[in-house]
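Fold and geometry: a report
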Amino acid sequence: MWLPRRTHTLVVASRAATVCLAAFCHALAHVKASQSISPLPQFCSLTTPRFLTTMATNYVTTLSRVDAKPNISSLLYTADEVKHNEAQAAANSDVIDSMWHLMNIAGCAVADLEVMKAPNSQKIAIFTGKGNNGGDGYVAGARLLMRAEPPTINLYQIGDSASLQGDAAQARDLFISSGGVITHITSAEDVPALDDVDICIDALFGTGLSREIRVGPFTAAISAMNSSPAHVVAVDIPSGLNADTGAVMGDYCVRADSTVTFIACKRGLLTNQGPEYVGQLRYHDLNVLNEFTALVPSNTRAASYESLKKLLTPRSVSAHKGTHGRALLIGGNAGFSGAIRLSSEATLRTGAGLTRVLTHPQSLATISASHAELMVSAISFDEQHTSSTNDDEDDDDD
């Protein structure tokens, strides 16, 4: 096969590659900061778009529309990095005296978010699990009961609340002492319909979940929340979503309208299927962000429009296509010109200079007509030569 001289970049187009490249160019060219920033000073807000795609690996820099206050953390972490360092970060803090203190801040953050989002809500359902995520739910319920005109709180504990231990047990006791009543769910049939609920709070599973959820009361609770007309809020992460990869583990995952995540933003919230289930992502550092980032370096960042814009330095007034890189894209078999066309257009939009496309003869006209600046050549798969359009053999240095 003939290849053009001095090719700097080779892209073999496929549909998967096209999605990644098109998403990248779309964000780079058109992302603008959203205006929906939380008025609460302790909150920062991330808006996760539907086109967000995991590029290359789960550990590559994440591209997303980000609306953010200046103090928002763009660093992304794994669930284990947070789990194994949050206690030490709290110990190193001058304002946090215990993990129970962290749970209090987290639960109050969820409750305060609901006051802001729906101050007139009259009926709130909280589903709690057996771990610290459930403890956050109990604290949120207690916080809501302390309002001057508290809403009706229906808290559903999956399993026996007497089995809770440590901070989660302390949170349970706080909820009860605040006037809360616990309804125990032991089977799928016990899960109520949520047709008349204003807000559902998902505090079933946290970031430590690493397997699919077995069919039973937990999955019934998830299904009830997903089918409810209520505004669904996930505590730290939607139950059923992998905090590292953004994959839904199994067939059940809470589809939240908003998610409040704590200490550090987890990678899975912004990658893979994460944005589809997270809704509006809100972040609270629990007052230990500086201590946590000092302990744990991050190799993954959420890229904002402002951070990407810094990479787009002004071009020289004498610049031409030969001074801004060269790219070669190969693809587009007979009847399948879409992927290679989108990839080539994305390459141009991201700033590549001389962009050449090798494609099947039947795809030649479609691609050539899309952008005159593309140098499109038809590959003959039966012979060792090509025919060309939009260029000639000696124009590489133009």
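Refer to the structure printed above.
Residues numbered from 1 in each chain as written. Predicted model: local features only at pLDDT ≥ 70, side-chain atom pairs only at ≥ 80, totals over all residues. Heavy atoms only, no water.

Observations regarding the pairing of strand S9 (residues 231-235)
Heads up, the condition is: Exposure categories follow from relative accessible area, calculated using a 1.4 Å probe and restricted to protein chains: below 20% of the type maximum is buried, above 50% is exposed, and the middle band is partly exposed. Counting from the N terminus, the helices are the DSSP runs of H or I reaching at least four residues and the strands are the DSSP runs of E reaching at least two. At least two bridges found by DSSP between two strands is the condition for calling them paired. Note on handedness: a clockwise path from strand one over the helix to strand two, with the strands aimed away from the viewer, defines a right-handed crossover.
Here S9 lies mainly inside the structure; four of its five residues are buried. Here four bridges tie strand S8 (residues 199-203) to S9, and the two strands are oriented parallel to one another. Across the sheet, the residue bridging to Ile199 is His231, located in S9. Of the crossover connections in this fold, the one passing from S8 over helix H7 (residues 217-227) to the parallel S9 is right-handed. Sheet topology note: the S9/strand S10 (residues 258-262) ladder contains three bridges and is parallel. By the bridge assignment for S10, Val235 is matched with Val260.

Focus: the packing of helix H4 (residues 99-117) against helix H5 (residues 132-145)
Our working definition: Lines fitted to the C-alpha atoms define the axes, with helices restricted to the stretch that makes contact. Angles between their N-to-C directions range from 0 to 180 degrees. Our angle categories are set so that under 35 degrees counts as roughly parallel, over 145 as roughly antiparallel, 65 to 115 as roughly perpendicular, and the remainder as oblique. For any helix crossing, the convention is left-handed if the near helix is rotated counterclockwise from the far helix by under a right angle, and right-handed if that rotation is clockwise. In what follows, residue pairs with any heavy atoms lying within 4.5 Å of each other are defined as contacts. Side-chain classes follow a simple rule in which Ala, Val, Leu, Ile, Met, Phe, Trp, Tyr, Cys and Pro form the nonpolar group, Asp, Glu, Lys and Arg form the charged group, and the remainder, Gly included, forms the polar group.
As a packed pair, H4 and H5 sit with axes 7 Å apart at the nearest point and diverge in direction by 55°. It follows from the interaxial angle that H4 and H5 lie oblique. Crossing of H4 over H5 shows right-handed handedness. Counted together, Trp100, Met103, Asn104, Ala106, Gly107, Cys108, Val110, Ala111, Asp112 and Val115 of H4 and Asn132, Gly135, Asp136, Val139, Ala140, Arg143 and Leu144 of H5 form the full contact between these two elements. Here the contact of H4 with H5 is composed, by residue class, of 10 nonpolar, four polar and three charged.

Digging into the packing of aromatic side chains
Quick reminder of the rule: Pairing of aromatic rings covers Phe, Tyr and Trp, the last counted by its six-membered ring, and requires centre-to-centre distances within 6.5 Å; plane angles under 30 degrees mean stacked, over 60 mean edge-to-face, and any other angle means tilted. Distance and angle both matter: a charge sits over a ring if NZ of Lys or CZ of Arg is within 6 Å of the ring centre and within 35 degrees of the ring normal.
Taken as a whole and judged by the stated rule, the model has four aromatic pairs. The interplanar angle of 75° and the centroid separation of 4.9 Å between the aromatic rings of Tyr77 and Phe292 together place this pair among those described as edge-to-face. You can see Tyr77 sitting in strand S4 (residues 75-77) and its partner Phe292 sitting in helix H9 (residues 289-295), a full 215 residues away along the chain. With respect to burial, Tyr77 and Phe292 carry one shared label: buried. On the basis of an interplanar angle of 45° and a centroid distance of 4.7 Å, the ring pair of Phe205 and Phe218 is categorised as tilted. One end of the pair, Phe205, is in the loop between S8 and H7; the other, Phe218, is in helix H7, and 13 residues separate them in sequence. Given the relative accessible area of 15%, Phe205 is considered buried. Sitting over the face of the ring of Tyr277, Arg255 holds its NZ or CZ atom 4.4 Å from the ring centroid.

Comments concerning the pattern of salt bridges
Rule in force here: By definition here, a salt bridge exists when the distance from a side-chain nitrogen of Lys or Arg to a carboxyl oxygen of Asp or Glu is within 4 Å.
Evaluation of the coordinates by the stated rule reveals six salt bridges. For the salt bridge of Asp112 with Arg143, the shortest nitrogen-to-oxygen distance reads 2.9 Å. Of this pair, Asp112 sits in helix H4 while Arg143 sits in helix H5, and the two are 31 residues apart along the sequence. By relative accessible area, which is 34% here, Arg143 ends up partly exposed. The partner of Arg172 in a salt bridge is Asp173, and the shortest N-O contact between them spans 3.1 Å. Overall, Asp173 belongs to the partly exposed group, its relative accessible area being 41%.

Things to note about the pairing of S10
Counted residue by residue, S10 has five buried out of five residues, so it is predominantly covered. With burial as the criterion, each face of S10 is covered, one bearing Ser258, Val260 and Phe262 and the other bearing Thr259 and Thr261.

Quick look at the nonpolar core
To be explicit about the condition: We call a set of buried Ala, Val, Leu, Ile, Met, Phe, Trp, Tyr and Cys residues a nonpolar core when their side-chain atoms join them within 4.5 Å.
The biggest cluster of nonpolar side chains holds 44 residues, and the ones touching the most others in it are Val110, Ile201, Phe262, Ile263, Leu286 and Phe292. By residue number, the principal contributor to this core is H4, which donates 10 residues. Contacts of Phe292, omitting those with residues within four sequence positions, involve Tyr77, Glu81, Val82, Asn85, Ala89, Ile263 and Ala264. With 25 residues, the next largest nonpolar core counts Tyr156, Cys200, Ile213 and Val232 among its residues.

Topic: unusual backbone geometry
Despite not being glycine, Leu286 shows a phi value in the positive range, around 55°. Structurally, the position occupied by Leu286 is in the loop between strand S12 (280-284) and H9. Here Leu286 falls in the buried class, since its relative accessible area comes to 4%. The phi dihedral of Asn287 falls on the positive side, at around 65°, and the residue is not glycine. Position of Asn287 relative to the elements: it lies in the loop between S12 and H9.

Keep in mind that these numbers describe shape and distance, not what the molecule does.
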